[in-house]
Amino acid sequence: MKITFYGHAALGIEVGGKYILVDPYISANPEAFHININEIKADYILLTHAHSDHILDVEYIASRTNAIIVSNFEVATYYGQKGLKYHPMNIGGSWKFDFGKVKYVNAVHSSSFPDGSYGGNPGGFVIEGEHKNIYIAGDTALAMDMKLIPLRTKLDLAILPIGNNFTMDIEDAILASDFVQCDKILGVHYDTFGYIVVNQEDAIHQFFNKGKDLMLLKIGESIEL
């Protein structure tokens with residue numbers, strides 16, 4: 001399983017011979033100027049919720065790649081009404097795709113489209129594929145529901161927001177990693193806007209002091225599990 005960071009909360013995941021794109025906010029991110037969205041491959045596009053900083057490039061990329069959009073019922077059907085392929089889910093449900101199993105799990109946040117229309121309940125994803133398991137938390141506060149995840153799935157990586165203000169801060173993200181019982185963390189949703197700027201060195205140090213590995217990738221950088 002290969003995971004590429006495209007900035008903010010956008011990720012590319014290669015697993016089971018398929019390409020998964022998560023929360024594509026790339027073209028308007030000045031820090032991701034070197035990422036050409038015309039070169040991004042996508043068989044599936046997973047969306048945690050409907051906010052503009054997570055869906056900006058969905059329609060363009062899905063139209064170009066014919067990708068299947070996977071999200072909550074409201075977000076998925078919103079794009080289905082635009083003629084795009086979609087697979088609707090809801091909290092607690094799971095589905096076996098051709099790359100592995102996906103479970104849609106709770107996130108404590110909000111969800112609305114840029115025009116103000118309802119975006120359903122926000123969520124995260126637990127993905128099991130190629131004998132590796134990852135948790136994509138989405139935009140969320142620290143939540144006791146996270147403790148349910150390791151009851152079913154032993155994680156190899158937790159992808160957590162760390163930017164504060166709109167989501168968890170560093171301290172809560174450390175607690176979240178305790179809740180999901182995973183000491184390998186990929187940080188997302190930080191430094192894109194003034195509200196969510198973090199001290200990266202301090203964040204890494206705080207996780208290290210708790211015996212955990214926080215990875216803050218450069219945009220375009222990848223890791224393999």
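> How would you summarise the overall build of the chain if you had to cite specific residues and measurements?
A tally of regular secondary structure across the chain gives six helices and 14 strands. Relative to its length of 225 residues, the chain is compact, with a C-alpha radius of gyration of 16 Å against a globular reference of 17 Å. By its C-alpha atoms, the chain is 50 × 40 × 35 Å across when sized along the principal axes. When the 225 residues of the chain are sorted by exposure, 53% land in the buried category. Counting only contacts in the chain whose residues sit at least 6 apart along the sequence, the fraction spanning at least 24 positions is 59%. As displayed, the chain offers around 10,000 Å² of accessible surface, 49% of which is attributable to carbon and sulfur atoms. Each charge class in the chain was averaged separately, 17 positive and 27 negative side chains, and the resulting centres sit 9 Å apart.

> Mind laying out helix α6 (residues 200-209), listing which residues take part and the relevant values?
N-capping of α6 is provided by N199, with a side-chain oxygen placed 3.2 Å from the backbone N of E201. Taken from the residues just after α6, G211 is the one with a positive phi, measuring 75°.

> Before we move on, could you go through the packing of aromatic side chains and cite the residues and values that matter?
Under the counting rule described, the total for this entry stands at nine aromatic pairs. Summarising the aromatic geometry, the rings of Y44 and F97 are spaced 5.4 Å apart at their centres and angled 70° between planes, so their arrangement reads as edge-to-face. In this pair, Y44 is assigned in strand β4 (residues 44-46) and F97 in strand β7 (residues 94-97), connecting sequence segments 53 residues apart. Each of the two residues, Y44 as well as F97, counts as buried. These aromatic residues form a ring-pair network of at least three members: Y44, F97 and F99. Taking NZ or CZ as reference, K147 lies 4.7 Å from the ring centre of F179, over its face.

> Account for empty space enclosed by the protein, with residues named and values stated.
If you roll a probe as big as a water molecule over the atoms, it shows you where there is empty space left. Counted under the stated rule, the structure contains one cavity of 30 Å³ or more. Considered as a void within the structure, the largest cavity measures approximately 60 Å³ in volume. By residue class, the composition of the lining of the largest cavity is eight nonpolar, four polar and two charged.

> Can you lay out the sheet that holds strand β3 (residues 18-22) for me, pointing to particular residues and giving the numbers?
Pairing within the open sheet is mixed, and its seven strands lie in the order β6-β5-β4-β3-β2-β1-β14. This sheet does not close on itself; its edge strands, each paired only once, are β6 (86-89) and β14 (222-224). Ignoring strand direction, the axes of neighbouring strands in this sheet form an average angle of 20°. Here β4 pairs with strand β5 (residues 68-72) via three bridges, running parallel. By the bridge assignment for β5, L46 is matched with V70. Helix α2 (residues 58-65) contacts β3, β4 and β5 of the sheet and is inclined by roughly 160° relative to β4.

> Give me the sheet that holds strand β10 (residues 132-136): which residues, what numbers.
Spatially, the seven strands line up as an open sheet ordered β7-β8-β9-β10-β11-β12-β13, and their pairing is mixed. Two strands lie at the open edges of the sheet, namely β7 and β13 (213-215), each paired on one side alone. In this sheet, neighbouring strand axes are inclined to one another by 20° on average, regardless of whether the strands run parallel or antiparallel. As defined by bridge partners, β7 adjoins strand β8 (residues 100-106) across four bridges and the pair is classed as antiparallel. Residue pairing for β8: S94 is matched across the bridge by K103.

> For unusual backbone geometry, give the residues involved together with the corresponding values.
Positive phi outside glycine occurs at H131, with the angle close to 60°. Residue H131 is classed as exposed on the basis of its relative accessible area of 82%.

> Tell me about the pattern of salt bridges, and please be specific about residues and values.
Once their charged atoms are close, side chains differing in charge can pair, the charge on each being opposite to the other. Applying the stated rule across the entire model yields four salt bridges. Across the pair K82 and E59 runs a salt bridge, and its minimum N-O distance is 3.8 Å. Here E59 lies in helix α2 and K82 lies in the loop between α3 (73-80) and β6, a separation of 23 residues in the sequence. Taking relative accessible area as the criterion, K82 reaches 42% and is therefore assigned partly exposed. A relative accessible area of 34% means that E59 is categorised as partly exposed.

> Can you break down α2 residue by residue, with the values?
Within the span of α2, buried status applies to V58, I61 and A62. Looking straight down α2, one finds its buried side chains confined to an arc of 95°; they lie on one side. On its buried face, α2 is in contact with β3, β4, α1 (52-55), β5 and α3. With its phi angle positive at about 65°, N66 sits one or two positions after the end of α2.

The rules we used
- Residues numbered from 1 in each chain as written.
- Predicted model: local features only at pLDDT ≥ 70, side-chain atom pairs only at ≥ 80, totals over all residues.
- Heavy atoms only, no water.
- Helix = DSSP H or I, 4+ residues; strand = E, 2+ residues; numbered from the N terminus.
- Rg over C-alpha atoms; globule rule 2.2 N^0.38 Å.
- Buried < 20%, exposed > 50% of the residue type's maximum accessible area, 1.4 Å probe, protein only.
- Contact = heavy atoms within 4.5 Å.
- Areas by Shrake-Rupley, 256 points an atom, 1.4 Å probe, with all protein chains shown as cover.
- Lys, Arg positive; Asp, Glu negative; His and termini not counted.
- Charge placed at Lys NZ, Arg CZ, Asp CG, Glu CD.
- Polar contact = N/O pair within 3.5 Å; in protein donor to acceptor, adjacent residues only side chain to side chain.
- Phe/Tyr/Trp six-rings, centres within 6.5 Å; stacked < 30°, edge-to-face > 60°.
- Lys NZ or Arg CZ within 6 Å of the ring centre and 35° of its normal.
- 1 Å grid on protein atoms, 1.4 Å probe; cavity = no way out; pocket = protein on both sides within 12 Å on 5 of 7 lines; lining within 4 Å.
- Points joined across faces, edges and corners; volume = space filled by probe spheres on them.
- Nonpolar A, V, L, I, M, F, W, Y, C, P; charged D, E, K, R; others polar.
- Pairing = 2+ DSSP bridges.
- Axes fitted to C-alpha atoms, helices over the stretch in contact; angles between N-to-C directions.
- Salt bridge = Lys/Arg side-chain N within 4 Å of Asp/Glu carboxyl O.
- Arc of directions from axis to C-beta.

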